[in-house]
Amino acid sequence: MTILISVFGFAGRFAGDLLMTALGWASSLLFGRVPRTHQVFLVLMMALSFLWVVAVLALLVPTVASTLLATTPHPPFVDNQWFGVAVLLSVVGLPLAVGAAGYLVPADGERADGIVVAREILRGYLLAPVISGLLLFLAGVGIARKIRSRRHGWSDAHVAIVVKPGRYDELVVDVQKALSSADLRVTAGDAPWVLTMPAHILSHVAGRNVRNLQPERLIVLTGSNLNVGVYPSDIAISGSTRRRTRARAAIVSRLVTASAHQTTSKEAQEVEDRLGKVASAGGREAAASSDRARKEFEAIDKTLLDLEIPTDEWDILYRIRLQVERDLAIGAKPGTVFPGDEPNPREARRSVA
């Protein structure tokens, strides 16, 4: 019995991790990887939409309501009647909360005002069922993708990004160049309908606040034992171990000067842009040994010491800063080489002499 319990527990944890990964991928695909100031409202939209679905099921199926009441801690005076009233109020009120969260997604200066506010809040009655349905659909798609990858002996790797406004096509070109530099031949094509259809549905239901966060298009790069999905919020790499890891190394190295940010907070993205300018300068004037480059790096280092951002974002900025300095030091244009693909040391020394 103990062995069976352990087996079921392991299976449950595995299924839970798989579902959470798929849901995270689904929400990223629908809304993009938005700035941190927006994320709390998107999380609220998704969570409240799921709660609304549960409330509807509890209202329509008495068995669900009884199960929820029996398995949820509650005060002694809460009986079936009280619980039914709470469920009914949830069915009516939760969509309004979803609409309010959708209204609060943009920054203060970008939010609508006047009578439009009421319309955005009432839009929650459409958003609640649509968001929950699309997330469940995409979660199923994500699980199916993982199962298919395992059948081929593939694994997945994800590189989180935020595409700069209007520069998605440039990002696709950057990723293609990165893969080409790693001797990985790929062809570009439109993503399958199961990935594009949910975003189109949401764009017709959601207001401008949510619609502006969505990806405009989806491109997939395919090659031998390799599949790279280029999304405005994520680069998903699937393939055999060698080709996947080589592709990841090439892409992450290229992102230093690519058309996307690797961080989400405004402060971190500003530092990324400063590092990008140092990297783009190139040539002898921007070599790591030059006074100009040293001053730029010193100023950025001072900013990093006082930058109040999450640890993961600080780590990303420090890695980018070291990569730019290293690429310049070996005489390479930052973002064009990856580990093991450096120029000849003698040629590098001559280029920075």
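Small disclaimer: the values here were computed from a predicted structure and weren't measured.

S.K.: Now, about the packing of helix 6 (residues 124-151) against helix 8 (residues 193-205): what can you tell me, with residues and values included?
M.R.: Across the interface, helix 6 lies against helix 8 with an axial gap of 10 Å and an inter-helix angle of 170°. By the angle between their axes, helix 6 is roughly antiparallel relative to helix 8. Of the residues in helix 8, those in contact with L126, L127, V130, I131, L134, F137, L138 and V141 of helix 6 are W193, V194, L195, M197, P198, I201, L202 and V205. Grouping the constituent residues of the contact of helix 6 with helix 8 by class yields 16 nonpolar, no polar and no charged.

S.K.: Could you give me a rundown of the side chain of H261, with the residues and numbers involved?
M.R.: Residue position: H261 is located in strand 7 (residues 260-261). Residue class for H261 comes out buried when judged on its relative accessible area of 9%. Only 2.9 Å separates the side chain of H261 from the side chain of D273, close enough to count as a polar contact. The contact partners of H261, leaving out residues within four places of it in the chain, are I161, V162, K164, Q269, E272 and D273.

S.K.: Give a description of a nonpolar patch on the surface that names residues and reports values.
M.R.: On the surface, L57, L59, L60, V61, L88, V92, L96, L122 and Y125 cluster together into a nonpolar patch covering about 790 Å² of accessible area. Elements with a minimum of two residues in the nonpolar patch: helix 2 (36-60) and helix 4 (80-104). Along the chain, the position of L59 falls in helix 2.

S.K.: Go over the side chain of R321, please, and point to the residues and values.
M.R.: Locating R321 in the fold gives a position in helix 13 (residues 311-329). Here R321 falls in the buried class, since its relative accessible area comes to 6%. Excluding its chain neighbours within four sequence positions, the residues that come into contact with R321 are L275, F297 and D301.

S.K.: So what about unusual backbone geometry? Which residues, and what values?
M.R.: Backbone geometry at D183 places phi at a positive 60°, although glycine is not the residue there. Checked against the element boundaries, D183 lands in the loop between helix 7 (168-181) and strand 3 (187-190). For D183, a relative accessible area of 62% gives the class exposed. Located in the positive-phi region is N225, a residue other than glycine, with phi close to 55°. Relative to the helices and strands, N225 is located in the loop between strand 4 (219-223) and strand 5 (226-231).

S.K.: Please provide a residue-by-residue account of the nonpolar core, values included.
M.R.: One finds M45, W52, V87, V91, L127, I131 and L202 to be the most contacted residues of the largest nonpolar core, which totals 28 residues. Elements with a contribution of two residues or more to this core: helix 2, helix 3 (62-71), helix 4, helix 6 and helix 8. Looking at this core element by element, the count peaks at nine residues for helix 2. When residues no more than four places from it in sequence are discounted, the contact partners of V87 are A55, A58 and L59. Ranked by size, the runner-up nonpolar core spans 27 residues in total, among them A157, V163, Y168 and I237.

S.K.: An account of the packing of helix 7 against helix 10 (residues 241-254) is needed here, citing residue identities and associated values.
M.R.: The geometry of helix 7 relative to helix 10 is characterised by a closest axis approach of 8 Å and an angle of 130° between their N-to-C directions. The pairing of helix 7 with helix 10 is recorded here as oblique in orientation. Here helix 7 and helix 10 pass one another in a crossing that is right-handed. Facing D174, V175, K177, A178 and L179 of helix 7, the residues of helix 10 in contact are A247, A250, I251 and R254.

S.K.: Mind laying out helix 7, listing which residues take part and the relevant values?
M.R.: Compared with the 20 Å implied by 1.5 Å per residue over 14 residues, the 20 Å span of helix 7 between its first and last C-alpha is a close match. For helix 7, the elements touching its buried residues are strand 2 (162-163), strand 4, strand 5, strand 6 (234-239), helix 10 and strand 7. Taken from the residues just after helix 7, D183 is the one with a positive phi, measuring 60°.

S.K.: Could you give an account of helix 12 (residues 291-306), naming the residues involved and the relevant values?
M.R.: For helix 12, spanning 16 residues, the distance from its first C-alpha to its last is 23 Å, which sits close to the expected 22 Å at 1.5 Å a residue. Where helix 12 is buried, its residues meet helix 11 (266-281) and helix 13.

S.K.: Give me the lowdown on the pattern of salt bridges, citing residues and values where you can.
M.R.: What the rule picks out here adds up to six salt bridges. Where R321 meets D301, a salt bridge forms, and the shortest distance between an N and an O atom there is 2.7 Å. Taken together, the positions of R321 in helix 13 and D301 in helix 12 put the pair 20 residues apart, joining distant regions of the chain. Residue R326 is joined to D327 by a salt bridge in which the shortest nitrogen-to-oxygen separation is 2.5 Å. One salt-bridge network, held together by shared partners, links D301, R321 and E325.

Calculation rules
Per chain, residues are indexed from 1 in the order of the written sequence. It should be noted that, the model being predicted, local features are given only for residues of pLDDT at least 70 and side-chain atom pairs only at 80 or more, the latter also being counted only at that level, while totals for whole chains, interfaces and linings use all residues. Derived side-chain values reflect all non-hydrogen atoms in the structure, with water molecules and hydrogen atoms excluded from consideration. Here the axes come from fitting lines to C-alpha atoms, over the contacting stretch only for helices, and the angles between their N-to-C directions go from 0 to 180 degrees. What counts as a helix is a DSSP run of H or I of at least four residues, what counts as a strand is a run of E of at least two, and both are numbered from the N terminus. Should an angle fall under 35 degrees it is taken as roughly parallel, and over 145 as roughly antiparallel, whereas 65 to 115 is taken as roughly perpendicular and any remaining angle as oblique. Two residues qualify as a contact provided that any one of their heavy atoms is within 4.5 Å of a heavy atom in the partner residue. Here the term charged refers only to Asp, Glu, Lys and Arg, the term nonpolar to Ala, Val, Leu, Ile, Met, Phe, Trp, Tyr, Cys and Pro, and the term polar to all other amino acids, Gly among them. The classification of residues rests on relative accessible area computed with a 1.4 Å probe and restricted to protein chains. Under 20% of the type maximum is buried, over 50% is exposed, and intermediate values are partly exposed. Between N or O atoms, a polar contact is any pair within 3.5 Å; within protein, one atom must be a potential hydrogen donor and the other a potential acceptor, and residues adjacent in sequence are included only when both atoms are from side chains. Each patch is built from residues lacking any salt bridge and having more than 30% relative accessible area; the joining distance is 9 Å for like charges and 5 Å for nonpolar side chains (Val, Leu, Ile, Met, Phe, Trp, Tyr). Reported accessibility uses the Shrake-Rupley method at a 1.4 Å probe radius. Residues are deemed covered only where the shown protein chains occlude them. A pairing counts as a salt bridge when a side-chain nitrogen of Lys or Arg comes within 4 Å of a carboxyl oxygen of Asp or Glu. The term nonpolar core refers to a set of buried residues drawn from Ala, Val, Leu, Ile, Met, Phe, Trp, Tyr and Cys, joined through side-chain atoms within 4.5 Å. By convention the crossing between two helices is left-handed if the near helix lies anticlockwise of the far one by an angle smaller than a right angle, and right-handed if it lies clockwise. A helix is expected to span 1.5 Å multiplied by its residue count minus one.

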